[in-house]
Amino acid sequence: MNRKVIIIGSGPAGLTAAVYAARANLKPLVFEGSQPGGQLTITTDVENYPGFPDGIMGPELMDLFRKQAQRFGAECHFKHVSKVDFNQRPYKVWVVDEEYSTDTVIIATGATARLLGLEAETRLMGRGVSACATCDGFFYKDKKVLIVGGGDSAMEEATFLTKFASEVWIVHRRDELRASKIMQQRAFDNPKIHFHWNSTILEIHGTVESGVSGVTLLDTTNNESREEACDGVFMAIGHIPNTSLFEDEMELDKKKYIVTENGSTATKHPGVFACGDVQDSYYRQAVTAAGTGCMAAIDAERFLEEEGHS
Ligand code: NAP
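Counting of residues starts from 1 at the beginning of each chain's written sequence and follows it residue by residue. Local features in this predicted model are restricted to residues whose pLDDT is 70 or higher, and side-chain atom pairs enter the listing and the counts only when it is 80 or higher, whereas totals over whole chains, interfaces and linings include all residues. The side-chain numbers reported here are obtained from all heavy atoms of the structure, hydrogens and water having been left aside.

**A closer look at the overall build of the protein**
Spelled out, the test is: Helix and strand definitions follow DSSP, with helices as H or I runs of at least four residues and strands as E runs of at least two, each counted in order from the N terminus. The globule rule used here is 2.2 Å times the number of residues to the 0.38 power, and the radius of gyration it is set against is calculated over C-alpha atoms. It only takes one pair of heavy atoms within 4.5 Å for two residues to be counted as in contact. Each accessible area value is a Shrake-Rupley result obtained with a 1.4 Å probe; residue values ignore everything except the protein chains displayed when judging cover.
Helices and strands together make up the secondary structure of the protein, namely 7 helices and 19 strands. Since a compact globule built from 310 residues should have a radius of gyration of about 19 Å, the 21 Å found for the protein is in line with a globular shape. By its C-alpha atoms, the protein is 65 × 40 × 35 Å across when sized along the principal axes. Nonlocal contacts in the protein, meaning residues at least 24 apart in sequence, comprise 60% of its contacts between residues at least 6 apart. Element-wise, carbon and sulfur atoms account for 49% of the exposed surface of the protein, whose accessible area totals about 15200 Å².

**Remarks on the pattern of salt bridges**
Applicable threshold: We count a salt bridge whenever a side-chain nitrogen from Lys or Arg sits within 4 Å of a carboxyl oxygen from Asp or Glu. Partly exposed describes any residue whose relative accessible area lies between the buried limit of under 20% and the exposed limit of over 50%, with all areas from a 1.4 Å probe on protein chains only and scaled to the type maximum.
Using the criterion set out here, one finds 10 salt bridges in the structure. Across the salt bridge formed by R3 and E75, the nearest N and O atoms sit 3.1 Å from each other. Of the two residues, R3 is situated in strand 1 (residues 2-8) and E75 in strand 5 (residues 75-77); the sequence distance between them amounts to 72 residues. A residue is classified by how much of its surface remains accessible, and R3, at 13% relative accessible area, is buried. One continuous salt-bridge network, built from bridges that share partners, spans E32, D63 and R66.

**A look at helix 6 (residues 181-189)**
Just so we agree on the cut-off: This arc describes the spread of directions from the helix axis toward the C-beta atoms.
All of the buried residues along helix 6 are M183, Q184 and A187. Projected down its long axis, helix 6 carries its buried residues within an arc of 100°, all on one side. Turned more than 90 degrees from where helix 6 packs its buried face, K181, I182 and D189 sit exposed. Close packing links the buried residues of helix 6 with helix 5 (152-161) and strand 13 (193-196).

**Things to note about the packing of aromatic side chains**
For the record, the criterion: Whether two aromatic rings pair depends on their centres lying within 6.5 Å, for rings of Phe, Tyr and Trp, where Trp uses its six-membered ring; planes under 30 degrees apart make the pair stacked, over 60 edge-to-face, and the rest tilted. Only when the NZ atom of a Lys or the CZ atom of an Arg is both within 6 Å of the ring centre and within 35 degrees of the ring normal do we say a charge sits over the ring.
Counted under the stated rule, the structure contains 13 aromatic pairs. Ring centres 6.4 Å apart and planes at 15° place the aromatic pair F86 and F246 in the stacked group. Here F86 is found in the loop between strand 6 (83-85) and strand 7 (91-95), whereas its partner F246 is found in the loop between strand 18 (239-241) and strand 19 (272-274), with 160 residues between them in sequence. Residues F273 and F303 carry aromatic rings whose centres are separated by 6.2 Å and whose planes lie at 75° to one another, so their mutual orientation is edge-to-face. With F273 in strand 19 and F303 in helix 7 (residues 286-306), this pair connects stretches of sequence that are 30 residues apart. Each of the two residues, F273 as well as F303, counts as buried. Pairwise contacts between aromatic rings join F138, F139, F160 and F164 into one cluster. Its guanidinium or amino end placed over the ring of F72, R23 lies 4.9 Å from that ring's centre, counting from NZ or CZ. Stacked on the ring of W94, the Lys or Arg K83 has its end atom at 4.4 Å from the ring centre.

**Here we look at the packing of helix 5 against helix 6**
Defined as follows: A fitted line through C-alpha atoms represents every axis, and for helices the fit uses only the stretch in contact; the resulting angles, taken between N-to-C directions, go from 0 to 180 degrees. In a left-handed crossing the near helix is turned counterclockwise from the far helix by less than a right angle, and in a right-handed crossing that turn is clockwise. Gly is put with the polar residues, along with every residue not named as nonpolar or charged; the nonpolar set is Ala, Val, Leu, Ile, Met, Phe, Trp, Tyr, Cys and Pro, and the charged set is Asp, Glu, Lys and Arg.
For the pair helix 5 and helix 6, the least separation of the axes is 9 Å and the interaxial angle reads 35°. Between helix 5 and helix 6 lies a crossing whose hand is left-handed. Within the contact between the two elements, helix 5 uses D152, M155, E156 and T159 and helix 6 uses M183, Q184, R186 and A187. For the contact of helix 5 with helix 6, a count of residues per class yields 3 nonpolar, 2 polar and 3 charged.

**Focus on the sheet that holds strand 16 (residues 225-229)**
Going by this rule: Only when DSSP finds a minimum of two bridges between them are two strands counted as paired.
Spatial strand order, 14-15-16: 3 strands in an open sheet with antiparallel pairing. Each edge of the open sheet is held by one strand with a lone partner, namely strand 14 (199-207) and strand 16. Pairs of neighbouring strands in the sheet enclose a mean axial angle of 25°, with direction left out of account. Looking at chain direction, strand 15 (residues 211-219) and strand 16 are connected through 5 bridges and run antiparallel. Each residue of the ladder has a partner; that of L218, found in strand 16, is S225.

**Some words on the nonpolar core**
Note the following rule: Here, nonpolar core means buried Ala, Val, Leu, Ile, Met, Phe, Trp, Tyr and Cys residues that are tied together by side-chain atoms lying within 4.5 Å of each other.
Judged by nonpolar contacts, the single largest core of 34 residues is most densely connected at I7, Y49, L61, F65, I106 and F273. Within the residue set of this core, elements represented by two or more residues are strand 1, helix 1 (12-23), helix 2 (58-71) and helix 7. Residue contributions to this core peak at 8 residues, all from helix 7. If near-sequence neighbours (up to four positions away) are discounted, I7 is found in contact with G14, A17, A18, P28, L29, V30, F31 and I106. Ranked by size, the runner-up nonpolar core spans 21 residues in total, among them Y140, I147, V168 and I170.

**Focus on helix 5**
Looking at helix 5, one finds that the buried residues are A154, M155, E157, A158, F160 and L161. The elements touched by buried residues of helix 5 are helix 4 (133-136), strand 11 (144-148), strand 12 (167-171), helix 6, strand 13 and strand 17 (232-235).

**Examining the layout of surface pockets**
Worth spelling out the cut-off: Here a cavity denotes a set of grid points, spaced 1 Å apart and computed over the protein atoms alone, in which a 1.4 Å probe fits but from which it cannot get out, and a pocket denotes an open set meeting protein on both sides within 12 Å along at least five of seven lines; residues with an atom within 4 Å of a point are reported as lining. Grid points are joined across faces, edges and corners, and a volume is the space filled by probe spheres set on the points.
By volume, the second largest pocket is sized at about 180 Å³. Considering the residues around the second largest pocket, the lining is formed by D253, Y257, I258, V259, Q279, D280, S281, Y282, Y283, T288 and T292. Its residues assigned to classes, the lining of the second largest pocket comprises 5 nonpolar, 4 polar and 2 charged.

Listed below in C-alpha cells is the structure:
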C-alpha cells in the first residue's frame with residue numbers, strides 16, 4: 001500500500017507533524033526509531049514548554065504528544081528505519097526487509113549526544129561514564145562526579161546531579177561558559193557545584209567491574225596534566241544530528257545537519273521535508289522542533305494537494 005506521509009522520528013518534531021498530518025486526514029505512519037519520544041524522554045523537568053506553568057516531566061510530555069497524534073489516526077510503530085531511497089517516486093523506506101512506499105516523507109530523526117572520543121569513554125559507558133544525567137544520576141548518591149561542557153545542557157545536568165551527588169565539578173575547556181546567563185547563575189549559586197576552568201579530560205580511569213576512579217585533566221593554558229579522583233563522568237558537550245541514514249540521499253551542511261529551504265522544511269527532494277533538531281543546530285528547543293514539525297506537515301499537505309494526490 002502506498003502511503004501519503006511517512007514520518008521518521010518521534011520527538012516533538014515528528015509527533016507534532018503526526019498530529020497535523022493526521023488532522024489533515026493523511027493517515028501518517030510514524031516510525032518511532034530507537035528512542036521513542038526522542039531526547040525529551042531522557043530529561044526530567046521541562047520548564048520552558050508553553051502551556052505547562054509548573055513544568056512537566058519529559059517522558060510524560062512525549063506520551064501526551066503521541067496520544068494526541070493517535071487520537072486523530074496517526075499510526076505509530078516502534079520500528080527503526082534502516083534504509084531510504086529518495087531517487088525515484090514514490091519514495092521507498094525500509095525497516096530491515098519490510099519495504100514501504102510513500103508520496104512524502106517527513107524526516108524528524110533529531111540529534112544524539114556527542115562524546116569526547118576516548119577509548120575509556122565507550123568501555124566505561126554505563127559503568128561510571130554517562131551521557132544522560134537524568135537517566136543515571138540516581139546511581140551517584142553522595143558521590144563526586146564530573147560533568148564535561150559549558151553549555152546549557154552541562155549547567156542543567158550539573159544542577160540536576162546535585163540532587164544526588166555530594167560534589168559536582170564542571171570541566172570546561174575555556175574560562176567562560178557558553179550557557180545562558182540564567183543557567184550559569186543557577187550553577188554558580190549552587191554550593192555543590194564547582195568548576196575546573198580551562199580543562200579537558202585526557203583519560204578516564206577505571207574498570208568495568210569497579211567503575212570510574214578518576215580522570216587525567218589537561219590544563220589548556222599551560223598543557224600540564226593532573227589527576228582528579230571521581231566516581232562518575234557525565235558528558236554534556238553537544239549533539240550530533242542523526243543523519244547517517246541520509247548521507248547519500250540528502251544535502252547536509254558542514255555539521256551534517258539536513259539543509260532545508262529558507263523559511264520552509266522543503267529539502268532538495270520534492271516531497272521530502274525535514275524538521276526539528278535534524279535540521280536545526282541553532283535553536284534546538286522542544287517548542288521550535290514542534291513548530292517546524294507543524295510546518296513540515298503543512299508543507300507535505302500542500303505538496304500533495306498541488307500534485308493532485310489528495
Ligand atoms: P552547546 O551549547 O553546543 O554546548 C556544548 C558545550 O560543550 C560547549 O561549552 C563546548 O565548549 C563544549 N564542548 C564541545 N565539544 C567539546 C569537546 N570535544 N571537548 C570539551 N568540550 C566540548 O550544547 P548544549 O549545552 O547541549 O546545548 C545545545 C542547545 O540546546 C543550546 O541552544 C542550548 O541553549 C539548548 N539547551 C537549552 C536548555 C534549556 O533552556 N533548558 C537545556 C539544554 C540545552 P565551547 O563553549 O568552548 O564551545
